[in-house]
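Each chain, letter by letter, is given below.
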There are 2 protein chains.
Amino acid sequence: MYKHILFATELNETKSYIEEKVKKLQRLTQAKLSVIHVVEPIPSAYYSGEYGIISGADSVDSIGSTKILEERSKEVLQPLVKRLNITEQDLHISIGHASGEILAFAEKENVDLIITSSHGVHGLQLLLGSTTNAILHGAKCDVLAVRLKE
Amino acid sequence: MYKHILFATELNETKSYIEEKVKKLQRLTQAKLSVIHVVEPIPSAYYSGEYGIISGADSVDSIGSTKILEERSKEVLQPLVKRLNITEQDLHISIGHASGEILAFAEKENVDLIITSSHGVHGLQLLLGSTTNAILHGAKCDVLAVRLKE
């Protein structure tokens, strides 16, 4: 039914029940499974403390911080790689605009199903709604939006 | 994985490959399968020929026309009922606002996956985009948006 499933994940979704659905669907369809997480560069204004989001980071520039986030993402997602029984090569950390990176990967790698979550839950994750929306509108393949529990 | 799948269909999607996906997913998950089609009442202006969409219908009022469309939908969807191997009772024709009817049914019947298409293709079907959007935003369950071929 599907040959290549792409699970677009946020860091805080690991260990959640969305992962169980990804696993089950992969098993049922016997599809190849890739995981993507996109680190969105944070405007330097956040680092200057202007918005009060990240404090004490005056000495870290935006590019450096993005790099740190990228490496941290890889670490955080290691247990997921194991739980999903995929290889390191099937975990993709991209830097850029979330939906754009996900759609570009999907097209390049002939993904036929993107799995994403349909509602963000906390703080910055509210942005997820617009990412899912953009994925849905831009995807050339099927999209499964898994409803996150409140 | 899923226990009750709801396939929200447009009339012109029957016989298309979306149906194959619905069938396969139902088989893989062994879920109960329901089909819903919503007839949206057409403003009487269309019947007066004002927009030139339906001509020669001056003597048919809006309510009567909706009723005709409802019955016609049932007829048109009969072959789908057979192909999907469901009972007549699992085919639901609703009258109202598409996304509202679909979401209400899903909630009432404990649907855990709604399957819809992600892009309309012809004429009025362009409206489907907003229906899918509204389903995605309003659904309390998972939504699979199947990308229609161009």
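Look above for the structure.
Residues numbered from 1 in each chain as written. Chains lettered and ligands numbered in written order. Predicted model: local features only at pLDDT ≥ 70, side-chain atom pairs only at ≥ 80, totals over all residues. Heavy atoms only, no water.

1. Comments concerning the interface of chain B and chain A
Next up, step 1: Each side of the interface is counted separately: chain B has 22 residues, and chain A has 22 residues.
Next up, step 2: Here chain B packs against chain A, burying approximately 2000 Å² in sum over the two surfaces, 62% of which is carbon and sulfur.
Next up, step 3: When the buried area of chain B at its contact with chain A is split by residue, Met1, Leu28 and Leu136 of chain B rank highest and sum to 30% of it.
Next up, step 4: Viewed at the interface, chain A and chain B are joined by 2 salt bridges.
Next up, step 5: On the surface where chain B and chain A come into contact, there are 8 residue pairs in polar contact (both at pLDDT 80 or more).
Next up, step 6: For the side of chain B that touches chain A, the secondary-structure elements that each account for two or more residues are α1 (17-29), α5 (128-138) and β5 (142-146) of chain B.
Next up, step 7: When strand β5 (residues 142-146) of chain A meets β5 of chain B, the two strands line up antiparallel, connected through 3 bridges. Counted as the bridge partner of Leu144 of chain A is Leu144 of chain B from β5 of chain B. (Contact = heavy atoms within 4.5 Å. Buried area = accessible area lost by both parts, 1.4 Å probe. Salt bridge = Lys/Arg side-chain N within 4 Å of Asp/Glu carboxyl O. Polar contact = N/O pair within 3.5 Å; in protein donor to acceptor, adjacent residues only side chain to side chain. Helix = DSSP H or I, 4+ residues; strand = E, 2+ residues; numbered from the N terminus. Pairing = 2+ DSSP bridges.)

2. Focus: empty space enclosed by the protein
Next up, step 1: Considering all chains together, one arrives at 2 cavities of 30 Å³ or more under this definition.
Next up, step 2: Together, Tyr2, Leu25, Leu113 and Leu144 of chain A together with Tyr2, Leu25, Leu113 and Leu144 of chain B line the second largest cavity.
Next up, step 3: Taken together, the residues of the lining of the second largest cavity sort by class into 8 nonpolar, no polar and no charged. (1 Å grid on protein atoms, 1.4 Å probe; cavity = no way out; pocket = protein on both sides within 12 Å on 5 of 7 lines; lining within 4 Å. Points joined across faces, edges and corners; volume = space filled by probe spheres on them. Nonpolar A, V, L, I, M, F, W, Y, C, P; charged D, E, K, R; others polar.)

3. So, the relation of the copies chain B and chain A
Next up, step 1: In the superposition of chain B on chain A (RMSD 0.0 Å, axial shift 0.0 Å), the rotation amounts to 180°. Put plainly, the chains are arranged around a two-fold axis. Residues of chain B ranked by C-alpha distance from the rotation axis are headed by Leu144 of chain B, positioned 2.1 Å from it. (Least-squares fit on C-alpha atoms with pLDDT ≥ 70 in both.)

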